[in-house]
Amino acid sequence: MNVDAVVKQSSNPFISAQRQLRNAVDRLGLDEAVYEILKEPARVAVVSIPVRMDDGSVKVFTGYRSQHTVATGPAKGGIRFHPGVTLDEVKALSMWMTFKCAVMELPFGGGKGGVVCNPKALSRGELERLSRGYVRAIAPIIGPERDIPAPDVYTDAQVMAWMMDEYCQLVGADAPGVITGKPLVLGGSAGRHEATARGCAIAARETARYQGWDLRGATAVIQGFGNAGSIGARLLHEMGVRIIAVSDSTGNAYNPQGMDPGAIAEHKRRTGSVRGFPGSEEVPDSEFLTLECDILLPAALENQITADNARDIRARLIVEAANGPTTPDADPILFERGVTVVPDILANAGGVTVSYFEWVQNLTRTYWTEDEVNQRLEQSIVRACRRVLDIGRQHGVNLREAAYMAALERVAAALRARGWI
Ligand code: GLU
């Protein structure tokens, strides 16, 4: 294999996901059939979506929906609108959803969708027509008992609302349980908007506690200032953490004295960027992740912490708000250096956990208060964190391996009970 092919392979998230699966199957000494069944998604849909653009032309977009497994329940997972979406990325993300739901003991399998597009370059009308077109294309394989989408990178409650509406019109029935992350007025759950970030903050706190240190007075670097990053910064700040650096797709802002996340959000709303936040300086991109801090919160995309920069990371704790930010080659380097990584399938599971609550509320037509939702979320994350931390300690493995062990044990039990293995 030439160097380019090796680089390409190591940055292919699906290859990473398969390596993580292989590792966990071997560690647990599971039947080879578990690996064979889970190494590829059970079903993948590739769709092309014609959209009438504002200038009258028709543009055809490519979309994907991957259902990794339904052995543990209906497929569950978000929909990403991003120019860099690929089939392999969506497949990897769907596999990670299987393990995320399993580690949280949610009755779901893994799913994920994506549309190759640049939502920032679309008008509101174009975005709506694309969202509706995507749902029409995948409608035959989704549904409250089949596969339940949700928000992901660059999709939000409004996109979910259009998608739910389109689905309901297609099937001729009210079906709020077909999608989660909806606006409250359409059956969304209180607390869902903040849930991913809240889960990250609780996971950070529990891990620190388990290791005998306190978040108060700690410093944090936040990569990405979308839903998880911006709210994560705010919640950590409320816990007494000093936010010393934040970035978004346009640049970054660094101030070792600490910055107010609310004021940064306001600055970004006004200027479109976190750059130039009063009192901050900008560090070169290549130095951002290696800034000295206690907590590093990667909240952007995959493949950020790799074998190339893992030796230079100066954080004590990495909390993976994004999916797949650390490559399999980086994991052992970080572990050896004593950097604790709370893996994505645990750290950012708050989102899908409250999605589960939303789905339950939709199916039962009863609605919970924000306090109830937050309390249940807190309990779920604390329980899962302690279980994973205990496995890590008992087996002397990093937390990703520990989380995979907990998750895979459960998925394998479901496969066994169904008679598939
Ligand atoms: N996209 C989120 C994730 O990666 C949420 C998925 C969901 O709520 O179903 O976990």
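In short, a report on the structure. (Residues numbered from 1 in each chain as written. Predicted model: local features only at pLDDT ≥ 70, side-chain atom pairs only at ≥ 80, totals over all residues. Heavy atoms only, no water.)

**A short note on the environment of Arg27**
Right, on to step 1. Position of Arg27 relative to the elements: it lies in helix H2 (residues 13-28).
Right, on to step 2. On a C-alpha basis, the gap between Arg27 and Val411 in space is 15 Å, while along the polypeptide they are 384 residues apart. (Helix = DSSP H or I, 4+ residues; strand = E, 2+ residues; numbered from the N terminus.)

**Re the site of the ligand**
Right, on to step 1. Close contacts around the ligand come from 14 residues, with Lys76, Lys100, Pro151, Asp152 and Ser355 the closest.
Right, on to step 2. One nitrogen or oxygen atom from the side chain of Lys100 is found 2.7 Å from an oxygen atom belonging to the ligand.
Right, on to step 3. At 2.8 Å, a backbone N or O of Pro151 approaches a nitrogen atom of the ligand.
Right, on to step 4. Computed on the free molecule, the ligand has an accessible area of 300 Å², of which 94% lies beneath the protein chains in the complex.
Right, on to step 5. For the shell around the ligand, the elements supplying multiple residues, two or more each, are strand E3 (75-82), helix H4 (87-103), strand E5 (147-151) and helix H13 (350-364).
Right, on to step 6. For the shell around the ligand, the per-class residue count stands at four nonpolar, five polar and five charged. (Near = heavy atom within 4 Å. Polar contact = N/O pair within 3.5 Å; in protein donor to acceptor, adjacent residues only side chain to side chain. Areas by Shrake-Rupley, 256 points an atom, 1.4 Å probe, with all protein chains shown as cover. Nonpolar A, V, L, I, M, F, W, Y, C, P; charged D, E, K, R; others polar.)

**A short note on the sheet that holds strand E1 (residues 43-52)**
Right, on to step 1. With mixed pairing, the five strands of this open sheet are ordered in space as E1-E2-E4-E3-E5. Edge strands, defined here as strands with exactly one partner in the open sheet, are E1 and E5. Between one strand axis and the next, the sheet turns through 25 degrees on average, direction left out of account.
Right, on to step 2. Across five bridges, E3 lies against E5 in parallel orientation. Among the inter-strand pairings, Lys76 is bridged to a residue of E5, identified as Ile148.
Right, on to step 3. This element, H4, spans E1, strand E2 (58-69), E3 and strand E4 (109-116) of the sheet and lies at about 150 degrees to E4.
Right, on to step 4. Across the face of the sheet, helix H5 (residues 124-138) comes into contact with E1, E2, E3 and E4 while running at roughly 145 degrees to E1. (Pairing = 2+ DSSP bridges. Axes fitted to C-alpha atoms, helices over the stretch in contact; angles between N-to-C directions. Contact = heavy atoms within 4.5 Å.)

**What to know about the nonpolar core**
Right, on to step 1. By size, the foremost hydrophobic cluster in this structure holds 87 residues, and its most contacted members are Phe99, Leu236, Ile295, Val319 and Leu408.
Right, on to step 2. No other element matches helix H15 (residues 399-418), which puts 11 residues into this core.
Right, on to step 3. Non-local contacts of Leu236, meaning those with residues more than four positions away in its chain, are made with Ala201, Ala204, Leu215, Ala220, Ile222, Val241 and Ile243.
Right, on to step 4. Among the nonpolar cores identified, the runner-up in size contains 29 residues, and Ile49, Ile138, Trp162 and Met163 belong to it. (Core = buried A, V, L, I, M, F, W, Y, C linked by side-chain atoms within 4.5 Å. Buried < 20%, exposed > 50% of the residue type's maximum accessible area, 1.4 Å probe, protein only.)

**A look at unusual backbone geometry**
Both trends apply: most residues other than glycine have a negative phi, and most peptide bonds are in trans.
Right, on to step 1. The phi angle at Tyr154 is positive, at roughly 60 degrees, despite the residue not being glycine.
Right, on to step 2. Given the relative accessible area of 38%, Tyr154 is considered partly exposed.
Right, on to step 3. If you check the backbone angles, Arg365 has positive phi at about 55 degrees while not being a glycine.
Right, on to step 4. Here Arg365 shows up in the loop between H13 and helix H14 (370-395).

**Some thoughts on the layout of surface pockets**
Right, on to step 1. Considering only enclosed or pocket space, the second largest pocket measures out at about 270 Å³ in volume.
Right, on to step 2. Lining the second largest pocket are 16 residues; nearest its centre among them are Gln211, Phe335, Thr340, Val397 and Leu399.
Right, on to step 3. Of all the secondary-structure elements, those providing two or more residues to the lining of the second largest pocket are helix H7 (192-211), helix H11 (330-336), strand E11 (340-342), H14 and H15.
Right, on to step 4. For the lining of the second largest pocket, a count of residues per class yields eight nonpolar, five polar and three charged. (1 Å grid on protein atoms, 1.4 Å probe; cavity = no way out; pocket = protein on both sides within 12 Å on 5 of 7 lines; lining within 4 Å. Points joined across faces, edges and corners; volume = space filled by probe spheres on them.)

**So, H4**
Right, on to step 1. Between the first and last C-alpha of H4 there are 25 Å, a value that for 17 residues agrees with the 24 Å anticipated at 1.5 Å per step.
Right, on to step 2. Where burial is concerned, most of H4 is hidden: 15 out of the 17 residues are buried.
Right, on to step 3. Glu105 occupies a position one or two residues after H4 and carries a positive phi of about 60 degrees. (Expected span 1.5 Å × (residues − 1).)

**Observations concerning the pattern of salt bridges**
Pairing between side chains of opposite charge can happen when their charged atoms approach one another.
Right, on to step 1. Enumeration according to the criterion identifies 37 salt bridges in this entry.
Right, on to step 2. The residue Asp214 makes a salt bridge to Arg216 at a minimum N-O spacing of 2.8 Å.
Right, on to step 3. We classify Arg216 as exposed; its relative accessible area is 61%.
Right, on to step 4. As a salt-bridge pair, Arg234 and Glu238 come within 3.3 Å of each other at their nearest N and O atoms. (Salt bridge = Lys/Arg side-chain N within 4 Å of Asp/Glu carboxyl O.)

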